[in-house]
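Take a look at the letters that make up each chain.
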Amino acid sequence: MHYVASGSLSLGSLGLLRLLGASWSWSLAAGLGVYLGTGGWRYLYVVVRTAKRDINGLYVLLRVKLALWLHIRNRNTIPSIFSKTVARHPDKPALVYEATGETWTFSQLDQISNAVAHWALSQGWTSGDVVALFMESRPLQVALWLGLAKVGVEAALINFNLRRDSLLHCVGVSASRALVFGAELADGESTPFTLAFTWIMQLMHMPPCVYVAVSEVSFSLSATMVRFSTGDLSPDQMAALKCHPLDSILASAPRHPPPCTVSKGFSDRLFYIYTSGTTGLPKAAIVVHSRYYRIAAFGYHSFRMRPDDVIYDCLPLYHSAGNIMGVGQCLIHGLTVVVKKKFSASRFWEDCIKHNCTVVQYIGEICRYLLSQPVRPSERQHRVRLAVGNGLRPSVWEAFMERFGVKQIGEFYGATECNCSIANMDGKVGACGFNSRILPNVYPIRLVKVNEETMELVRDKQGLCVPCQPGEPGLLVGRINQEDPLRRFDGYASQDATRKKIAYNVFKKNDSAYLSGDVLVMDELGYMYFRDRSGDTFRWKGENVSTTEVEGTLSSLLGQTDVAVFGVNVPGVEGKAGMAAIADSTGNFNCNSFLKEVQHALPPYARPVFLRISPCVDTTGTFKIQKTRLQREGYDPRLTTDQIYFLNSRVGRYELVTEELYNAFEDGSISL
C-alpha cells in the first residue's frame with residue numbers, strides 16, 4: 001500500500017476502502033435478511049431511505065481512519081503534513097488577509113513559520129513548553145502556532161474578548177512561559193473606532209468600548225513570563241508592558257527549516273483551544289495533531305470540498321471552527337483561505353466576489369444577519385456553492401439557500417475536544433448530523449437517557465446507560481478508546497475537568513465514554529437535531545456563556561449579592577439571551593452604573609441582555625441558587641411584580657420591559 005500525499009489515497013488504498021464497503025454491504029444484507037425474517041418491515045423502510053447516505057458516511061469514515069493510521073505509523077505531525085502541501089504547490093496563495101489585501105503563498109507561510117521556529121529556539125523553549133497567543137485574527141496567528149509546533153512548542157489560543165480574571169486564568173492554566181499579544185489588545189489608548197469593529201462586536205451590534213486587556217493584567221502576570229507584541233506600539237508602551245517587538249525579531253530570523261528534530265508524533269499535543277464549561281472559567285482543551293487532522297479531513301470529505309476551493313473564513317482563529325475546519329483545509333489539503341479580521345454583513349458577498357470564494361463559514365447568527373441585510377446585486381453574483389458551520393435554524397437554513405443561491409449547507413456538530421462529532425452530509429434541513437440506524441456500532445456514539453434537570457445519567461438494573469429510542473431526547477456520548485484516533489478523548493489541561501467529562505459502564509460493563517453535555521433528539525432515520533445546551537452554559541452570539549462565571553463576576557461587582565444567571569429564548573433569535581436575576585432589597589439598584597462596571601468586567605457576549613431585580617433570589621436549603629421558576633417566567637413582566645430591564649445596545653443603556661415591549665419581542669418587531 002502506498003500513500004501518495006496528505007489528503008489523497010492511492011488506488012490500493014481506495015481498493016481497500018471498496019473492500020471494506022463490500023464487507024459492510026454483506027453485513028447489511030445478512031442483518032437485513034435476519035431482521036426481515038422476524039417481520040421487521042419498518043427496518044426495510046429505514047434501509048431504503050438511508051442506505052445511500054450511510055454508505056457515503058462509511059466511505060468518509062474509513063478514508064479518514066485509514067489516513068490517520070498511516071500518519072500515526074509514519075509518525076507524521078501537522079507541520080510535516082504541511083511541508084508536503086508546500087511541496088505540491090509552493091507558489092499557490094495559502095492565506096489572504098482581507099483587512100490589508102496581503103497574500104501569503106504556501107512557501108511564504110512556510111518560511112515565516114520557520115522564522116517563528118528559530119525565534120522559539122533562541123528563547124530556549126523546548127518540546128512541551130507553552131506560549132500563549134492573544135490577538136485578533138490574522139495570518140501571523142497561523143504562522144505563530146505552526147512555527148512553534150515545528151519545534152514541539154504548544155500554543156495556547158486565547159479568546160481576545162477575555163478580560164481580567166478570565167484572561168489571567170487562561171494564561172495560567174496552560175502554564176504558558178510567554179505571551180504574544182496584538183497591539184490592538186495592549187493598552188487603554190486604543191481608539192473606539194478600532195474596537196467597535198472587532199469580530200464579536202459586529203456579531204452583537206454592541207457599542208464601542210475601550211480595550212485595556214493586557215495593561216489591566218500586566219502587573220498580575222508572572223515576572224518570569226516573557227512578553228512579545230505584534231503590531232504598532234510606541235517605545236513607551238512597550239516599556240510599560242515590558243514586552244519585546246516580535247515583528248522586527250521575526251523579520252531578521254532565518255527562513256530555512258529549524259535544525260532540531262521534534263520527538264513528537266501524531267498523538268501528541270499540538271495546541272490548546274479554550275472552551276467554556278460548567279466549572280465557571282474557560283477550560284484549555286487539548287488538541288493533538290491527529291485531532292486537528294481528523295476535524296479538517298472530515299470537513300473536507302464530508303462536504304465534498306475541492307482542491308481549487310477558496311474558503312472565506314470570518315470566524316475567530318482562537319476557535320476550532322475558524323482555525324481547524326477553516327485554516328486546516330489550507331494546511332492539509334492545499335486550499336486558499338481568506339482570513340477576515342471581523343465579520344461584516346454589508347461586505348460579506350462583496351468580499352466573496354473579490355476573492356472568488358467558493359466556500360464560506362458561518363455560525364447560525366451570521367446567516368441571520370446576512371438575511372437581515374437589504375437586497376443587493378452582489379448577493380447573487382458570487383461563486384459560493386457551500387456554506388459550512390453549525391447552529392443554523394431550519395427557517396434560516398432554507399431562506400439562506402433560496403435568497404443567496406448557495407446550493408449546499410454543510411452543518412456539523414462537535415465540540416473541540418469531543419469524540420462524537422457528527423455531520424449532515426446530505427443536506428437534511430435542520431439536522432446537525434446523523435448516525436446509522438442500520439449498523440449503529442460502526443461509529444459508537446449514542447443518545448442516552450438523562451434527567452434533564454440534573455443531567456444525571458439514567459441507568460438500568462445492570463447499571464448501564466439506557467439508550468434513547470427515536471424521538472426521545474438524550475445526552476450524546478461517545479465510547480472512548482485511546483488507541484483509536486477517532487475515539488480517543490484527550491481532555492483538558494486540568495485533570496479534574498477531564499474526569500468530569502468521562503462516564504463509566506455506559507455501553508457495556510467497564511467501558512468509558514465522553515459526555516458531550518448536549519441533549520439531542522434522533523429521528524427514525526438516524527438524523528440528529530440539537531435540543532439544548534446542558535448544565536450551566538448556554539449559547540449566545542456564537543459563544544458558550546458560563547453562567548457560573550458570570551454569576552461570580554456580577555456578584556463580586558455587587559458586593560457578593562445573590563445573582564442567578566440563565567439563558568432565555570427570544571423568538572427569531574439563535575441561541576439564548578443572557579438574563580440575570582439580582583437580589584436587591586434596598587430598591588436603589590442603578591442600571592447605568594451597573595452597566596459601566598459590566599462593560600469593564602465581561603466580554604460583550606457574556607453581558608446580561610435582560611435583568612430582573614428582585615428583593616431576593618430563590619435558593620435551596622443548601623444555599624444553591626434555584627433557577628427553575630426564573631427560567632420559566634423569563635422576561636415576561638406579566639408573570640412577576642419584579643422590575644425587568646432590557647439592554648438596548650443601540651443606545652447603550654438598560655430600559656424597563658413593559659408589556660408593550662414584551663409583545664414587540666414576541667412578535668419579532670424588535671430584534672437583538
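Bear in mind the structure is a predicted one, so any value in this text is a computation, not a measurement.

Time to look at the overall build of the protein chain. Along its length, the protein chain carries 21 helices and 30 strands. Burial statistics for the protein chain: of 672 residues in total, 59% are counted as buried. Once local pairs closer than 6 in sequence are excluded, the contacts in the protein chain between residues at least 24 apart make up 71%.

Further remarks concern the pattern of salt bridges. Under the criterion given, the structure shown has 26 salt bridges. The shortest N-O distance in the salt bridge between Glu98 and Lys340 comes to 3.0 Å. Within this pair, whereas Glu98 is found in the loop between β1 (93-97) and β2 (102-105), its partner Lys340 is found in the loop between β11 (336-339) and α14 (348-354), the two being separated by 242 residues in sequence. On the accessibility criterion, Glu98 (11% relative accessible area) is buried. By relative accessible area, Lys340 is classed as buried at 7%. A salt bridge links Arg612 to Glu633; the nearest nitrogen and oxygen atoms lie 2.7 Å apart. Here Arg612, found in strand β28 (residues 610-614), pairs with Glu633, found in helix α20 (residues 628-633); they are 21 residues apart in sequence, far enough to count as distant. Comparing Arg612 with Glu633, the two get one shared label, buried.

Right, let's talk about the environment of Lys596 for a bit. For Lys596, the location among the structural elements is in helix α19 (residues 591-601). Spatially, the C-alpha atom of Lys596 lies 9.4 Å from that of Arg653, the residues being 57 residues apart in sequence.

Now for the nonpolar core. Across soluble globular proteins, nonpolar side chains have a tendency to be buried as a group. Formed by 169 residues in total, the largest nonpolar core has its most connected members in Trp145, Tyr292 and Phe610. Apart from the residues lying within four places of it in its own chain, the contact partners of Phe610 are Val568, Val570, Ala577, Gly578, Met579, Ala580, Tyr635, Tyr645, Phe646, Val657 and Phe665. If you look at the next biggest cluster of nonpolar residues, it comprises 29 residues, including Phe343, Trp349, Cys352 and Leu392.

Let us now look at unusual backbone geometry. Of note in the backbone geometry, Asn510 takes a positive phi value of approximately 70° without being a glycine. Mapped onto the elements of the fold, Asn510 is located in the loop between β21 (502-504) and β22 (512-522). Even without being a glycine, Lys541 presents a positive backbone phi close to 55°. Note on Lys541: relative accessible area 2%, which makes it buried.

Another point: helix α2 (residues 41-73). Its 33 residues give α2 an end-to-end C-alpha distance of 44 Å, which sits within 8% of 48 Å, the value for a rise of 1.5 Å per residue. Largest kink in α2: about 55°, centred on Thr50. Positive backbone phi, at 50°, marks Arg75, one or two positions downstream of α2.

One pass over the structure, following the stated rule, counts 26 aromatic pairs. A ring pair is formed by Phe646 and Phe665, whose centres lie 4.8 Å apart and whose planes are at 80°; its orientation type is edge-to-face. You can see Phe646 sitting in strand β29 (residues 643-648) and its partner Phe665 sitting in helix α21 (residues 659-666), a full 19 residues away along the chain. Like Phe646, the residue Phe665 is buried in the burial classification. Among the aromatic residues, those joined into a ring-pair cluster are Tyr312, Phe343, Phe348, Trp349, Tyr369, Phe400 and Phe404.

Attention now moves to the sheet that holds strand β9 (residues 283-288). One open sheet holds the seven strands; their spatial order is β7-β6-β5-β3-β4-β8-β9, and the pairing between them is mixed. Each end of this open sheet is capped by a strand with a single partner; those strands are β7 (243-245) and β9. Each adjacent strand pair in this sheet contributes to an overall mean axis angle of 25°, direction not counted. In this structure, strand β5 (residues 178-182) lies alongside strand β6 (residues 226-230), joined through five bridges in parallel fashion. Across the sheet, Val180 pairs through a bridge with Phe228, a residue of β6.

Turning to its location among the elements, Leu315 is positioned in the loop between β10 (310-313) and α13 (320-333). Between the alpha carbons of Leu315 and Tyr362 there is a distance of 7.3 Å; along the sequence they are 47 residues apart.

What follows concerns α21. Here α21 has its buried residues at Leu661, Tyr662, Ala664 and Phe665. Down the axis of α21, the buried side of the element spans an arc of 155°, and every buried residue falls inside it. The inward-facing, buried residues of α21 contact β28, β29 and β30 (653-656). Looking one or two places after α21, you find Gly668, whose phi comes out positive at around 80°.

Moving on: the side chain of Asp518. Examined against the element boundaries, Asp518 turns out to sit in strand β22. Reaching out from Asp518, the side chain makes a polar contact with the side chain of Tyr413 at a distance of 2.6 Å.

Before going further, it helps to examine the environment of Leu221. Within the secondary structure, Leu221 is located in the loop between α9 (213-217) and β6. As a C-alpha pair, Leu221 and Leu179 span 42 residues in sequence and 9.6 Å in three-dimensional space. In this structure Leu221 touches Leu168, Val171, Leu179 and Arg227, once residues within four positions along its chain are discounted.

Once that is clear, we can look at the sheet that holds strand β26 (residues 563-568). Pairing within the open sheet is mixed, and its five strands lie in the order β26-β27-β28-β29-β30. Strands with a single pairing partner mark the edges of an open sheet, and in this sheet they are β26 and β30. Direction aside, the axes of adjacent strands within the sheet are offset by 25° on average. Of the pairings in the sheet, the one linking β28 to β29 comprises four bridges and is antiparallel in character. The partner of Leu611 across the bridge, within β29, is Tyr645. In this fold α19 packs onto β27 (577-583), β28, β29 and β30, with an angle of close to 140° to the strand it touches most, β30.

This paragraph deals with the packing of helix α3 (residues 78-88) against helix α4 (residues 106-122). Their axes nearest at 9 Å, the elements α3 and α4 cross at an angle of 145°. Once α3 is placed against α4, the crossing between them reads as left-handed. Along its contact with α3, which presents Phe82, Thr85 and Val86, the element α4 presents Phe106, Ser107, Leu109 and Asp110. Among the residues forming the contact of α3 with α4, the class breakdown is four nonpolar, two polar and one charged.

Counting across every chain of the model gives zero disulfides. Here Cys418 stays unpaired: no disulfide links it, and the sulfur of Cys420, its closest cysteine neighbor, is 4.3 Å away.

Each value, and the rule that gives it
Counting restarts for each chain: residues are numbered from 1 in the order of the written sequence. For this predicted model, a pLDDT threshold of at least 70 governs which residues receive local features, and a threshold of 80 or more governs which side-chain atom pairs are given and counted, while totals over whole chains, interfaces and linings are taken from all residues. Excluding hydrogens and water, the side-chain figures rest on all heavy atoms present in the structure. Only runs of H or I of at least four residues qualify as helices and only runs of E of at least two qualify as strands under DSSP, and these elements are numbered from the N terminus. Only protein chains enter the accessibility calculation, which uses a 1.4 Å probe; a residue whose area is less than 20% of its type maximum is buried, one above 50% is exposed, and one in between is partly exposed. By the convention used here, residues are in contact when the closest approach between their heavy atoms is within 4.5 Å. We define a salt bridge as a side-chain nitrogen of Lys or Arg found within 4 Å of a carboxyl oxygen belonging to Asp or Glu. Only buried Ala, Val, Leu, Ile, Met, Phe, Trp, Tyr and Cys residues count toward a nonpolar core, and they belong to the same one when joined by side-chain atoms within 4.5 Å. Given a helix with a known number of residues, its expected span is that number minus one, times 1.5 Å. Bend is computed residue by residue as the angle between axes fitted to the seven residues ending at the residue and the seven residues starting at it. Ring geometry is summarised as follows: Phe, Tyr and Trp rings, the Trp one being its six-membered ring, pair when their centres sit within 6.5 Å, and such pairs are stacked at plane angles under 30 degrees, edge-to-face over 60 and tilted between the two. One bridge is not enough; two strands pair if DSSP finds at least two bridges between them. A fitted line through C-alpha atoms serves as each axis, taken over the contacting stretch for helices, and the angle formed by two N-to-C directions is quoted from 0 to 180°. By definition, the arc is the one covered by directions from the helix axis to the C-beta atoms. In protein, a polar contact requires one atom able to donate a hydrogen and another able to accept it; more generally it is a pair of N or O atoms within 3.5 Å, and residues adjacent in sequence count only if both atoms are side-chain atoms. Less than a right angle of anticlockwise turn of the near helix away from the far helix marks a crossing as left-handed, whereas a clockwise turn marks it as right-handed. Each residue is assigned to one class: nonpolar for Ala, Val, Leu, Ile, Met, Phe, Trp, Tyr, Cys and Pro, charged for Asp, Glu, Lys and Arg, and polar for all the others, Gly among them. When two cysteine sulfur atoms are found within 2.5 Å, that pair is recorded as a disulfide.

In short, shape yes, function no, at least from these values alone.
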